[in-house]
Amino acid sequence: MSTGQSEDHLPISAAEAERLFAPFADSGVLTLAVSGGPDSMALMWLAARWRATRAGGPRLLAVTVDHGLRPESRREALMVKQLARQLGLTHRTLRWSGEKPAAGIPEAARIARYRLLARAAEQAGASHVVTAHTRDDQAETVLMRLLRGSGIAGLAAMAPVSRRDGLLLARPLLSLSKARLLATLRSAGIAFADDPTNRDPAFTRPRLRALMPTLAAEGADPRTLATLANRARRANAAIELMADGAERYLALLAAGRSSKRRGGEGEMFDPRAFAALPAEIRLRLLMRAIDRVGTEGPVELGKAEALLERLDRTLAGITDGGTAERGTLKQTLAGALVSLAKDAIRISPAPPRRRRGE
Ligand SMILES: Nc1ncnc2c1ncn2[C@@H]1O[C@H](COP(=O)(O)OP(=O)(O)OP(=O)(O)O)[C@@H](O)[C@H]1O
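Residues numbered from 1 in each chain as written. Predicted model: local features only at pLDDT ≥ 70, side-chain atom pairs only at ≥ 80, totals over all residues. Heavy atoms only, no water.

For the protein, the name recorded in UniProt is tRNA(Ile)-lysidine synthase, with Bradyrhizobium sp. as its organism. UniProt annotates the protein under Catalytic activity with the comment "cytidine(34) in tRNA(Ile2) + L-lysine + ATP = lysidine(34) in tRNA(Ile2) + AMP + diphosphate + H(+)". (UniProt positions renumbered as here; feature names shortened; annotations may be inferred.)

As C-alpha cells, this is what we get:
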C-alpha cells in the first residue's frame, strides 16, 4: 500500500502550486472561475500566492457567475469579492439574467455560465478561463459517462486543457483530491460557501457523488477512476491521430476523382478505401464529416453507430462484387445527408425539411 491515502489530505505546498501554474507563467491575464465553493476558493488563494511570488506573471481576474437560483448566491459572490480584494485580485460578478427553463436547470446554468465566463475572459484579454475541477469531479464525470455507455473519447472525461466557447479552458487542479483543497483552505484560515444543491438527490451528479464511498470500498475510488480517464485519453489521442491520417488519405483519393468529375457540395469517401478501415476509424470519419457538413451537430454517438451499421451492410453489397443487396443508401443525420451509390459515399448538407402540407 502506498502512502497516497495520507498525502491526499495534505495542504498544497507553494512548490507544488508553482508546478501546477507553470503553464500559465507567460500569460498576460488569467480568468479564474470562482463560485465561492471550497474548490474554487482554494484555486483563487493558490493562484494569488503563486502570483505574489513572481516578479512578472499574469494579472488575475476572478469571476463569479451569480445564477440567481438560490437566495444566498448574491452573498456568496460578495464573499468571493472580499477574498479577492484581500488577495489583491480584480473581481467581477456576472449575473445570469436570461430566461430560466422549467427543466434541465443544471445544464442550462452550465451553458450560461461558460458563455459568461468566456465573454469576461475575452473582454479582459485573458488567455484561459481557469476552473477548479478536482480529481473527485473527474471521477464523477467518468462514472456518469460509464453509466451512459460512452466510448473511449467520453471515458477520457475532462482534459487538463480544452477549448470551449472559443476560449481555452484550463483545469490545473484536475489531478488533486478535493480533500487537499479543503486542507489548504483550513491551513490558510479561509471560509467558503456551502451549496446545498451539491447534495440534492433531485440531480444526477449528487446522486452519483453519494455512491462514491460504496464504489471506493470496492476499489473504484476517485484515483482509480481518474486513472481510467487518463488511460482512455491516451488511447483516444492515438485513435484520433489514426483518424487524421485516414481522413487525409480519403481526401487525397477524393481530390483525385473530383479533378475528373465535380463532386458537388460536401465531402466524399471512396467506398472501398472506407470499407477497409477499422470500424472505430470509419465511425469517427463519418461523425467528423457529418459535424463539418451538417447544421444540427454534434451528431450523437448512438445515431452515428446505427448509420454506420447500415452503411457497412450496404457497402458489403458493393465491395463483395455487387452480388448482395443492390448498394444504395440515403439518410439524413444532424443536418447532413449521407448517401451511398456504387462509386461514392457522399456527405452533403441535408435539404431543408419540408413542412407538413408542402
Ligand atoms: N457560479 C460560478 N461562478 C464561477 N465559476 C463557477 C461557478 N460554478 C462553478 N464554477 C467553476 O466551475 C468549476 C466546476 O464547478 P461544478 O463542478 O459546480 O460544475 P458543474 O456544474 O458540475 O459543471 P462542469 O463540471 O461541466 O463545469 C468550479 O470549480 C469553478 O471553477
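(A) Molecular detail of unusual backbone geometry. Along the chain, glycine 297 connects to proline 298 via a cis peptide bond; the corresponding omega equals 0°. Position of proline 298 among the secondary structure elements: in the loop between α12 (279–293) and α13 (301–319). Of note, alanine 157 is a non-glycine position whose phi angle comes to about 55°, a positive value. Residue classification places alanine 157 among the buried residues on the basis of a relative accessible area of 13%. Although it is not a glycine, alanine 334 sits at a positive phi angle of roughly 50°. Residue placement: alanine 334 occurs in the loop between β8 (329–333) and β9 (336–341). (Helix = DSSP H or I, 4+ residues; strand = E, 2+ residues; numbered from the N terminus. Buried < 20%, exposed > 50% of the residue type's maximum accessible area, 1.4 Å probe, protein only.)

(B) Layout of the site of the ligand. Taken together, 15 residues are adjacent to the ligand, and Ala33, Val65, Arg110, Tyr114 and His133 come closest. Here an oxygen atom of the ligand and a backbone polar atom of alanine 33 are 2.7 Å apart. Between an oxygen atom of the ligand and a side-chain N or O atom of arginine 205, the distance comes to 3.5 Å. When the ligand sits alone it has 600 Å² of accessible area, and the protein chains cover 82% of it. (Near = heavy atom within 4 Å. Polar contact = N/O pair within 3.5 Å; in protein donor to acceptor, adjacent residues only side chain to side chain. Areas by Shrake-Rupley, 256 points an atom, 1.4 Å probe, with all protein chains shown as cover.)

(C) Expanded view of the layout of surface pockets. A volume near 200 Å³ is recorded for the second largest pocket. As for the second largest pocket, its lining consists of 13 residues, of which Gln138, Leu174, Ser175, Ala226 and Asn230 are closest to the centre. Among the elements that line the lining of the second largest pocket, the one with the most residues is helix α10 (residues 222–258), at 4 residues. Taken together, the residues that form the lining of the second largest pocket break down as 7 nonpolar, 3 polar and 3 charged. (1 Å grid on protein atoms, 1.4 Å probe; cavity = no way out; pocket = protein on both sides within 12 Å on 5 of 7 lines; lining within 4 Å. Points joined across faces, edges and corners; volume = space filled by probe spheres on them. Nonpolar A, V, L, I, M, F, W, Y, C, P; charged D, E, K, R; others polar.)

(D) Quick peek at the packing of helix α3 (residues 38–52) against helix α4 (residues 73–87). Direction vectors running N to C along α3 and α4 enclose 10°, while the axes themselves pass 10 Å from each other. Put simply, α3 runs roughly parallel to α4. The residues of α4 that touch α3, namely those facing Met41, Met44, Trp45 and Ala48, are Met79, Val80, Leu83, Ala84 and Leu87. For the contact of α3 with α4, the residue count by class is 9 nonpolar, no polar and no charged. (Axes fitted to C-alpha atoms, helices over the stretch in contact; angles between N-to-C directions. Parallel < 35°, antiparallel > 145°, perpendicular 65-115°, else oblique. Contact = heavy atoms within 4.5 Å.)

(E) Layout of the nonpolar core. Among the nonpolar cores identified, the biggest contains 32 residues, and Phe21, Leu32, Met44, Leu46 and Leu173 are the most heavily contacted of them. Those elements that place two or more of their residues in this core are α2 (14–21), β1 (29–33), α3, β2 (59–66), α4 and α8 (178–188). Dropping the residues within four chain positions of it, leucine 46 is found in contact with Ile12, Ala17, Phe21, Leu173, Leu181 and Thr184. Ranked by size, the runner-up nonpolar core spans 30 residues in total, among them Ala246, Ile281, Val299 and Ile347. (Core = buried A, V, L, I, M, F, W, Y, C linked by side-chain atoms within 4.5 Å.)

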